[in-house]
Amino acid sequence: MENILRDASLAPEGIKKINWVKAHMPIASILEKRFEEEKPFLGLKITMSIHLEAKTARTAILLKTGGADVYATGCNPLSTQDDVAAGLATYGVHVFAWHGATAEEYHDHLIAALSCKPDIIIDDGGDLTQILCDERPDLAENLIGGNEETTTGVHRLKARAAENRLPFPMICVNDAQMKYLFDNRYGTGQSVWDGIMRTTNLIVAGKNVVIAGYGWCGKGAAMRAKGMGAKVIVCEIDPIKAVEAAMDGFEVMKMADAALVGDLFITITGCRDVITMEHILTMREGAMMCNAGHFDVEISVAEMRKRAAEVYEARRNIEAFKFENGKTVYLLAEGRLVNLAAGDGHPAEIMDTSFALQVLSAEYLAKNAGKLKKGVYEVPPEIDAAVAEMKLSSMGIEIDKLTDEQYRYIHSSNG
Ligand code: ADE
């Protein structure tokens, strides 16, 4: 099947981006050496639907080195980088994606990437899984199983499994400790601010920053906002997380109250209708909004478009909405993931860890082909631990080991 690319001539720029991250993904380099020899994916087709930027491309190449025939597509219409997609295709990976895909094109690209009838899928957000389960089960004929990268995708998977509508095994990579403790917290904490700062070119210090959602991603964004001198307000519906936010030193309040005082709003909840028109109409003149949750449903963007007297581009990736009450508010990156739609995603060293979990979980699926029942699985703890060991060694950190006596002591009931 032919690649679907916006412009193949962009490949040289994409290859530069891939080489740059390659130099900053040491765990991938360790795995590459082993995969060159062992070829754990020989004869297997792997379909990936992940934000198609340089770290994802590096991972697709790693899977190919391991013997897989790799089919790559995006998982969000605005996060695909056309130069990276073109560059990746030169490595012999089949690529089906372009930036700014319409909803229909996006769907077609996913179907194209699944048309090989993959043995393994690597999903981010759950769209590949949904197609294989609900629309095109014929394309799941060869499927051993798959992995899910993100919080939203894991929620969807667990809901599907509870309804007995998941006919194959899926590993929840998001729930590994080496994923959420670092990617969700430090990755999102940095990449969200990178996206906001490069898009707005405005100061963070002194602003009232409202963060909706105090999961691992929200915690990261709030921590970094505080570090840059913002006055941080957290909105959260889970009482335990709300207490945590308060004890971490943040103001905690309802969105209706935060809307009155916020200068910049970031939604990271995984839910919908977090900021609605009711909130928006009470916001300060010039308030800015963006989203870092997987789907573009956290801010009522469609309603904003309907109700605005005027909508115009204020700056690249920033739209101004002027309402009849005379106020203008701003929306970044169309309400899609600001760190990917208006940035390059998480730092390379972070994705190195997350994608090591992906690749090793895919290897686990390959080794256990036919042995795993349908349903959701955790990343095997030995994989989590192995990634932590490789991360420490790549950081040049050595840690103590338990002596035999210490081991016996902490595993004994006698104290
Ligand atoms: N780059 C590739 N996938 C990503 C993700 N899920 N989050 C942030 N950056 C990424």
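A quick note: this is a predicted structure, and the numbers were derived from the prediction, not measured.

Conventions used here
Residues numbered from 1 in each chain as written. Predicted model: local features only at pLDDT ≥ 70, side-chain atom pairs only at ≥ 80, totals over all residues. Heavy atoms only, no water. Pairing = 2+ DSSP bridges. Helix = DSSP H or I, 4+ residues; strand = E, 2+ residues; numbered from the N terminus. Axes fitted to C-alpha atoms, helices over the stretch in contact; angles between N-to-C directions. Parallel < 35°, antiparallel > 145°, perpendicular 65-115°, else oblique. Contact = heavy atoms within 4.5 Å. Nonpolar A, V, L, I, M, F, W, Y, C, P; charged D, E, K, R; others polar. Buried < 20%, exposed > 50% of the residue type's maximum accessible area, 1.4 Å probe, protein only. Near = heavy atom within 4 Å. Polar contact = N/O pair within 3.5 Å; in protein donor to acceptor, adjacent residues only side chain to side chain. Salt bridge = Lys/Arg side-chain N within 4 Å of Asp/Glu carboxyl O.

Caption draft 1: Structural detail: the sheet that holds strand β3 (residues 94-96). Pairing is parallel in the open sheet, where 7 strands are placed in the order β3-β2-β1-β4-β5-β6-β15. Every interior strand has two partners, whereas the edge strands, β3 and β15 (375-378), have only one. Each strand of the sheet is rotated relative to its neighbour by a mean of 20°, with strand direction disregarded. Here strand β5 (residues 145-148) runs beside strand β6 (residues 169-172); their pairing, made up of 3 bridges, is parallel. Looking at β6, one finds that G146 is bridged to M170.

Caption draft 2: Region of the structure containing the packing of helix α6 (residues 127-135) against helix α7 (residues 151-162). Between α6 and α7, whose axes approach to 10 Å, the crossing angle comes to 25°. The angle between α6 and α7 places the two elements in the roughly parallel class. Where α6 approaches α7, its residues D127, T129, Q130, C133 and D134 are matched on the opposing element by R156, L157 and R160. Its residues placed into classes, the contact of α6 with α7 shows 2 nonpolar, 2 polar and 4 charged.

Caption draft 3: Molecular detail of the pairing of strand β11 (residues 288-291). Here β11 shows no split at all, with M288 and C290 on one side and M289 and N291 on the other all buried. Alignment of strand β10 (residues 264-267) against β11, held across 4 bridges, turns out to be parallel. Across the sheet, the residue bridging to T267 is N291, located in β11. Where β11 and strand β14 (residues 328-332) come together, 2 bridges link them in parallel fashion. Each residue of the ladder has a partner; that of M289, found in β14, is L331.

Caption draft 4: Region of the structure containing the site of the ligand. Taken together, I50, H51, E53, T56, D124, L340, G345, H346, M351 and F355 make up the full set of residues near the ligand. One nitrogen or oxygen atom from the side chain of E53 is found 2.4 Å from a nitrogen atom belonging to the ligand. One nitrogen or oxygen atom from the side chain of D124 is found 3.0 Å from a nitrogen atom belonging to the ligand. By residue class, the composition of the shell around the ligand is 4 nonpolar, 4 polar and 2 charged.

Caption draft 5: Representation of the pattern of salt bridges within the structure. Tallied over the entire structure, the rule returns 25 salt bridges. Salt-bridge contacts for R198 lead to D194; the nearest nitrogen and oxygen are separated by 2.9 Å. Separated by 4 residues within a single helix, R198 and D194 lie in helix α8 (residues 177-200), roughly one turn from each other. By relative accessible area, which is 27% here, D194 ends up partly exposed. The residue K219 makes a salt bridge to E244 at a minimum N-O spacing of 3.2 Å.

Caption draft 6: View of the sheet that holds β10. Strand order across the open sheet formed by 8 strands is β9-β8-β7-β10-β11-β14-β13-β12, with mixed pairing between neighbours. Two strands bound the open sheet, and with one partner strand each, they are β9 (251-252) and β12 (310-315). This element, helix α9 (residues 216-227), spans β7 (208-212) and β8 (231-235) of the sheet and lies at about 170° to β7.

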